[in-house]
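Per-entry structural report
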Amino acid sequence: MKTVRVDVAVIGAGTAGLGAYHAAIAAGARTAIIEESNYGTTCARVGCMPSKLLIAAAEAAHAIGKASGFGIQVEGVIRIDGRRVMDRIQRERDRFIGFVLRETQAIPEENRIHGHARFLNNHTIAVDDHTRLTAKSIVIATGSRADYPDSFKALGDRLIISDDIFNWLDLPKSVAVIGPGIIGLEMGQALHRLGVHVVVLGRGGSVGPISDPEIRSYAISTFNEEFTLEPDAHIAAMLRDGDRVAIHRSRPDGSHQKTEYFDYVLASTGRIPNVTGIDLIQTSLRLDVKGVPLFDPETTRTESTDGASPIFIAGDASNFIPLLHEAIDEGVIAGKNAALLALGKPVTPSLRRAPIGIVFTDPQIGIIGGGFHSMKTGTFATGQASFENQGRARILLKNKGLLNVYGDPMTDRFLGAEMLTPAAEHLAHLLSWALQSKMTITQMLEMPFYHPVIEEGLRTALQHLHTKFYCLPHPNTGRRPVH
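Source: prediction; values computed, not measured.

Contact pair helix α3 (residues 48-66) / helix α6 (residues 182-193): the axes reach a minimum separation of 8 Å and the direction vectors enclose 40°. Compared by their axis directions, α3 and α6 come out oblique. Considering only the axes of α3 and α6, their crossing is left-handed. On the side of α3, the interface is formed by Ser 51, Lys 52, Leu 54, Ile 55, Ala 58, Glu 59, Ala 61 and His 62, while α6 contributes Glu 186, Met 187, Ala 190, Leu 191 and Arg 193. A breakdown of the residues in the contact of α3 with α6 according to their chemical character gives seven nonpolar, two polar and four charged.

Between its first and last C-alpha, helix α7 (residues 213-224) extends 17 Å over 12 residues, near the 16 Å set by a 1.5 Å rise per residue. For α7, the complete set of buried residues consists of Ile 215, Tyr 218, Ala 219, Thr 222 and Phe 223. The buried residues of α7 occupy an angular sector of 120° when projected down its axis, which confines them to one face. In this fold, the buried residues of α7 make contact with α6, β11 (228-230), β21 (402-407) and β22 (414-421). Structurally, the start of α7 carries an N-cap: the backbone nitrogen of Glu 214 is 2.9 Å from a side-chain oxygen of Asp 212.

On to the layout of surface pockets, then. When its volume is computed, the second largest pocket comes out at roughly 650 Å³. His 62, Arg 193, Asp 362, Pro 363 and Lys 398 are, among the 27 residues lining the second largest pocket, the residues nearest its centre. The set of elements that each furnish at least two residues to the lining of the second largest pocket consists of α3 and α10 (424-436). With seven residues, the top contributor of residues to the lining of the second largest pocket is α3. When grouped by side-chain class, the residues that make up the lining of the second largest pocket number 10 nonpolar, seven polar and 10 charged.

About the thresholds
- Residues numbered from 1 in each chain as written.
- Predicted model: local features only at pLDDT ≥ 70, side-chain atom pairs only at ≥ 80, totals over all residues.
- Heavy atoms only, no water.
- Axes fitted to C-alpha atoms, helices over the stretch in contact; angles between N-to-C directions.
- Helix = DSSP H or I, 4+ residues; strand = E, 2+ residues; numbered from the N terminus.
- Parallel < 35°, antiparallel > 145°, perpendicular 65-115°, else oblique.
- Left-handed = near helix turned anticlockwise from the far one by under 90°.
- Contact = heavy atoms within 4.5 Å.
- Nonpolar A, V, L, I, M, F, W, Y, C, P; charged D, E, K, R; others polar.
- Expected span 1.5 Å × (residues − 1).
- Buried < 20%, exposed > 50% of the residue type's maximum accessible area, 1.4 Å probe, protein only.
- Arc of directions from axis to C-beta.
- Polar contact = N/O pair within 3.5 Å; in protein donor to acceptor, adjacent residues only side chain to side chain.
- 1 Å grid on protein atoms, 1.4 Å probe; cavity = no way out; pocket = protein on both sides within 12 Å on 5 of 7 lines; lining within 4 Å.
- Points joined across faces, edges and corners; volume = space filled by probe spheres on them.

If you want it as structure tokens, here you go:
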């Protein structure tokens with residue numbers, strides 16, 4: 001077995017791992033990166049990019065169907081060529097993968113180690129049976145994987161995860177999506193718009209990342225105008241029936257409601273960090289109930305039972321905020337601090353950006369800050385805007401949407417927002433910048449708003465909130481804000 005000694009070892013060559021590697025190298029540390037699977041990152045292969053390609057095709061098909069609303073008549077039959085749809089997705093996906101592969105291949109070969117990594121102790125990693133690597137500090141960037149109940153496995157090859165969609169050569173006739181989370185909503189609506197019969201079924205009533213009851217109720221109503229969304233479905237049985245799957249749904253009282261047959265069941269029931277199988281038990285790390293290392297988000301340094309830990313964690317492996325831009329940030333923070341520690345310098349806290357989440361449905365979902373569920377009752381007020389009669393939205397025939405913004409009545413500070421609106425990807429960015437800049441509602445209303453644009457709906461919500469601040473007493477103190 002070959003022995004390698006480095007300053008920093010990075011386990012995983014995904015988005016966070018590559019960020020960590022480059023940050024450690026930039027800090028002057030001798031660094032190796034280990035990967036057991038194909039290079040190319042989850043985002044490029046099966047995540048952000050191919051999913052948005054599928055959604056773009058779906059939006060094109062949907063736009064044709066909406067043309068008559070503008071007085072434009074499309075003659076003849078609109079035919080969705082599933083093979084050409086999937087061909088473009090795969091060609092463009094492979095193009096994105098190519099960019100990442102070039103970045104990875106630019107890493108010197110002696111710094112790239114291929115194989116499965118497992119800990120022998122806090123400073124030593126075995127890679128398969130060919131390499132023993134000793135490092136002064138280590139970054140865990142092993143990503144995450146789809147998770148679903150064991151009972152689903154009885155469906156065999158009729159059970160898929162979102163990764164599998166992007167290898168289809170053609171579109172199927174029907175898909176049942178189990179789990180109305182971010183992936184389930186995006187894939188479910190896109191497949192529906194591409195002519196696939198889709199139902200999206202959940203348990204417990206949640207819809208994506210939405211926690212505001214008003215926004216969630218509006219979202220359920222809006223999506224059900226287009227496809228079947230049952231966030232709290234009662235699935236009595238899900239059984240393989242030849243080359244199809246029979247799903248038996250019941251009413252809340254247990255009586256039979258309906259049975260439907262589908263070509264595939266898409267399991268969209270969440271993802272779990274890839275931290276099993278790397279022998280964390282051989283380290284001194286403190287783990288949570290799911291086996292994920294406890295860590296400091298500002299430094300990404302893990303907690304140890306025997307003092308300071310030389311191990312850092314970044315990206316989806318940390319299960320902190322499993323989003324690409326967070327993985328990039330965490331990778332850089334982890335790589336830099338791992339290098340500092342290896343070089344005998346103090347680990348330093350780094351900026352964590354204001355939380356922002358976007359779901360590419362139509363209307364889009366946006367969550368700014370911790371969302372509704374993170375705020376304490378009686379400490380905030382809500383400003384609201386409907387987009388059903390908003391000027392720009394009506395012009396575009398996209399006049400569906402509801403926006404809630406939250407603020408502190410005592411300080412006038414903007415606290416966050418939840419929305420289901422047209423162009424939420426843009427509104428969410430404006431609001432996340434305002435949150436990170438610690439702006440007040442008054443300051444936000446002093447910013448320019450062009451006419452006619454979707455952002456005027458944001459101004460309406462802010463004005464509504466501002467009026468509440470000055471007309472209504474604080475729910476706890478009875479006082480009005482002082483600025």
